[in-house]
Structures are given as structure tokens and as C-alpha cells.
Amino acid sequence: MSATAVIAVFDVGKTNKKLFLFDEHYKIVWEQSFSFTETVDEDGHACEDVEKLGTWVRDSYLLLDTLKEFEIRAVNFSAYGASFVHIGKDDRPITPLYNYLKPYPPRLQKQFYDTYGGEITFSMLTASPVLGSLNSGMQLYRIKAEHPELFEQISCSLHLPQYLSFLLTGKKYSDITSIGCHTNLWNFSQQHYHEWVYREGIIDKLAPLRPSGDILPLENGRVAGIGLHDSSAAMIPYLESFREPFVLISTGTWCISMNPFNDTPLTTAELQKDCLCYMNYQGRPVKASRLFAGYEHEQQVKKLAAHFQKDVRYAAGVAFDPDIVSHLRERKEENWEPGAFDSFETAYHRLIMDIMEQQVASTLLVLQGAEVKRIFVDGGFGRNQVYMHLLAAAFPQIEVFAASIPQATAMGAALAIHSHWNSRSLPGDIIELRYFK
């Protein structure tokens, strides 16, 4: 029997590290997951253990050679963003992999924005709201200011997806999906690095840019991608499957509305409402708005469950009831407290109605720019009947679908280099859709 042709994808999240094998029809035929404890940086802040991560990638790649039923044709990588691996002359990491949630020194932040045109102007040029360490370029600025001798020792700074590729290929490249995602590094209007990157000598630490779909040679005729930022990778299955303008609402802790067909420049008002732009794998801007709704939902459901003496999982089974919605719309607005309602179901509908009001405002921020025909919702809220029905009612002119893709981020990384390993045409069934009227 001949071996099954596959692509291997390393998918590195904050919590779980996964390795998948996809066959030529983009079905997962093998997988492995791994997690390891964090370490701390020199200030005692928790961070990824970059040594353990590197060992896992190399060992897992060697393990693939023992799976004789598969013919590994290609490898690619997706990983979380806003995280640099700084490597020295010997190609080994010389700093911890600093956590993007690490507090940023206010004095240094003020010095940076005062020097480079002020927060509003700078944020508009780089499509990056002021986010401290989450603006990954600011991590390099901080090292230069606080540890100049360490800055001198850095031979190259790679975003995490590109570092994973480097571990197997030995080649150092930057990728626009990492550089172009709220890093403070990229000038969106001029389509190259912002002037501060040159003035501060940051450019000397960055690897040359290559297109996201490029490949590098490995042994045995295999090829490797240069890696993708996870948010951009998760959008690829949609961009490959649908040509008509759409918005994707990716739901988890954050609900992020993304419009890859809206390339209008960010306005001051949009920035102040937590909008940003990032680059997709084709190098085109995607306008995105964020809402902290998943976290809010989780906290309020705990309150509800305690008050009505239910398990927190009870919320997942609440069916949509239009009569409850009508009744709540007629009632005078009250403060949302579990005690104000006669049942878990009624209180839960009120909670989702309140979240939906914010969701509609957030999604409207990115709807301009092209006549959007469809909204896709993936993640937790896509499985929530109440949320999906209310969303469909809020956008009657647009078709609303719950979308499900098994391991969308990893699949996106595989699709990005499709033509380099897979001679078949793309399958039409990689996204499962459910329509809500």
C-alpha cells in the first residue's frame, strides 16, 4: 500500500501546542498535542519556555519520519502573534520569549510617542492602537532603552511563527502577517516600515520580508513554509472558499469582526473604539474590531448559574425563544442582575441581548468599504442559538451563518502553500455552514 501524502502543520497557541497531518483533501489524519509549564523572565513575569518549545518542534519533526504510513511532503507553522524570539550570533535565543501581556513602562511609552508624532497620528499610520507590549515593536524599543548591551548582541529578531520555521530550515525571514499585526512597525499608507524602525536601528535586527506563500527547501524533497500569524491563518480557509465580500466574526474570549474587503484607512474614531488593521497572507489590509464579549459572557453565566442553582454548562443548552425576546423588549430597561428575572432562560436572553447590542456596534465599524453579502461566525458563539438568532435579526439584509472548520488556523497554514505540495484542486467542503434566518 502506498503512503498517504500529507502536510505537517505545527500550530502553537498560548496554552496548547499541536502538530497535525492533513491529507490532500484537508482531512486531519494524525495529530499530537503537547503543553508545558511556563517559565519566568528576568523580572519574574511568566513567559513561554522557548528552549522547551524548540526541543518539542525538532523532536516532533524527527518523530514524523517514523510514521511510515505517511509521505511528508511539506511543513508549515502557525503561532500566536506579538512575540519575538531574539537570537544571537550563534543562532540561539539570547532573551526569554517575553509575554505580550507584560506591563510596559509608562515613561518609556510616553517618550516613544512624544518622539514619533503622538499617539493618534502614529496609531493611524501603523494601524496599531496603543497596546504596550502587544505592539511587538515596542518590545525591541524597550530592550534598546533598558539593556543596550543586550540589544547589541541580538543578530536577528524573528516573530514566533518565523522562528518555528527557522528551527527546521535554518533560514531567517520576516512575514507580513506577523509584521503587519498591531506591531507599530509597519506604515500602512506607505506600505513599508515606519521611519522609527530605521532611526532606532531596529531594521538591522529584522530579517528580510518574504511573501507568506513562499517555501524553503528541506531534505528529502520536502518544502517548508515561513510560518503565519494565527489570526491571518484562520482567515485563509474563508478567503479560499468565498469570493463575495463577507465579514468573519471570530468568537472566543474576544469577539473579533474582520472584513478582508474593507481597505479604507483607519479613522481616529475607529482607533478609539478599538479597531485595527492587520495584513492578510496576500499582503492586503483586513479591518478588524474587537469586543471583550466572550469573557463577559463567561463571568455573567457564573453569576446566573449560582443564582438559579444550575451548572454553568446549562447555558449552552438554552434554546432561542422569540417570545422571551419580545417580552424583554417591552419591559422597561432594568439593571442586569439575576434577581430581576423569573428564570435562567429569561435572564440569559437578556444577557445575550445586551451583548448583541455591543456586538452590532462593533461589527458595524468594519462593515463599510464593500457590500457585504454574508457574515460567518466561528468559535463558541457560533454554537449559541440565542446569539446566532439575535445576530441574524440584527442584520436582516445580510445572510448570517454559523461556520465550523476543524482546526482553522492549522488548515489555513496548510492552504497557504497548497500549490507547493498538493496537485489536487481545493475541496469544496472544508467549511461546514449553518444558515440562520
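Residues numbered from 1 in each chain as written. Predicted model: local features only at pLDDT ≥ 70, side-chain atom pairs only at ≥ 80, totals over all residues. Heavy atoms only, no water.

K.L.:
I tried to follow the overall build of the protein chain on my own but got confused; where do I start?
P.N.:
Along its length, the protein chain carries 15 helices and 22 strands. Since a compact globule built from 437 residues should have a radius of gyration of about 22 Å, the 23 Å found for the protein chain is in line with a globular shape. Along the first, second and third principal axes, the C-alpha set of the protein chain runs to 70 × 65 × 45 Å. Buried residues in the protein chain amount to 56% of all 437 residues. Per element, the accessible surface of the protein chain, about 19,000 Å² overall, is 51% carbon and sulfur. (Helix = DSSP H or I, 4+ residues; strand = E, 2+ residues; numbered from the N terminus. Rg over C-alpha atoms; globule rule 2.2 N^0.38 Å. Buried < 20%, exposed > 50% of the residue type's maximum accessible area, 1.4 Å probe, protein only. Areas by Shrake-Rupley, 256 points an atom, 1.4 Å probe, with all protein chains shown as cover.)

K.L.:
Could you clarify how one ought to interpret empty space enclosed by the protein in this entry?
P.N.:
The gaps left among the atoms become clear once a water-sized probe is rolled over them. Evaluated as defined, the whole model comprises 1 cavity of 30 Å³ or more. Taken as a whole, the largest cavity spans an internal volume of roughly 130 Å³. When grouped by side-chain class, the residues that make up the lining of the largest cavity number 3 nonpolar, 4 polar and 5 charged. (1 Å grid on protein atoms, 1.4 Å probe; cavity = no way out; pocket = protein on both sides within 12 Å on 5 of 7 lines; lining within 4 Å. Points joined across faces, edges and corners; volume = space filled by probe spheres on them. Nonpolar A, V, L, I, M, F, W, Y, C, P; charged D, E, K, R; others polar.)

K.L.:
Quick question: what am I supposed to make of helix α3 (residues 119-126) here?
P.N.:
Note: α-helices contain 3.6 residues per turn, so residues at a spacing of three or four share the same orientation. Looking at α3, one finds that the buried residues are F122, S123 and T126. Each buried residue of α3 sits inside an arc of 100° when the element is viewed along its axis, so together they form one side. Elements that come into contact with the buried residues of α3 comprise α2 (106-115), β10 (186-187), α8 (195-199) and α10 (268-272). One or two residues past the end of α3 sits A127, with phi positive at roughly 50°. (Arc of directions from axis to C-beta. Contact = heavy atoms within 4.5 Å.)

K.L.:
Could you clarify how one ought to interpret the packing of aromatic side chains in this entry?
P.N.:
To describe a pair of aromatic rings, one takes the distance between the centres and the angle between the planes. Using the criterion set out here, one finds 31 aromatic pairs in the structure. Each ring, one from F292 and one from Y295, has its centre 4.9 Å from the other, and the planes form 15°; the classification is stacked. Residue F292 is classed as partly exposed on the basis of its relative accessible area of 38%. A relative accessible area of 37% places Y295 in the partly exposed class. Site record: aromatic cluster; members linked through ring pairs are Y238, F242, F246, F261, F376, F401 and Y435. Sitting over the ring of Y100, K14 keeps its end group 4.4 Å from the ring centre. Between R290 and the ring centre of W254, over which it is positioned, the NZ or CZ distance is 4.1 Å. (Phe/Tyr/Trp six-rings, centres within 6.5 Å; stacked < 30°, edge-to-face > 60°. Lys NZ or Arg CZ within 6 Å of the ring centre and 35° of its normal.)

K.L.:
What is the right way to look at helix α14 (residues 385-394) in this model?
P.N.:
Turning to α14, its buried residues number three or more, namely V386, Y387, M388, L390, L391 and A392. Where α14 is buried, its residues contact β16 (246-251), α12 (322-330), α13 (344-367), β20 (374-379), β21 (399-404) and β22 (432-436). Where α14 begins, the capping side chain belongs to N384, and its oxygen is found 3.1 Å from the backbone nitrogen of V386. (Polar contact = N/O pair within 3.5 Å; in protein donor to acceptor, adjacent residues only side chain to side chain.)

K.L.:
Even after reading the chapter, I still don't get the pairing of strand β7 (residues 84-87), so can you show me in this structure?
P.N.:
Regular strands have side chains that alternate between both faces of the sheet. In β7, alternate side chains face the same way, and those of F84 and H86 on one face and V85 and I87 on the other are all buried. Direction of pairing for β7 relative to strand β8 (residues 156-159): antiparallel, over a ladder of 4 bridges. The residue of β8 that forms the bridge with H86 is S157. (Pairing = 2+ DSSP bridges.)

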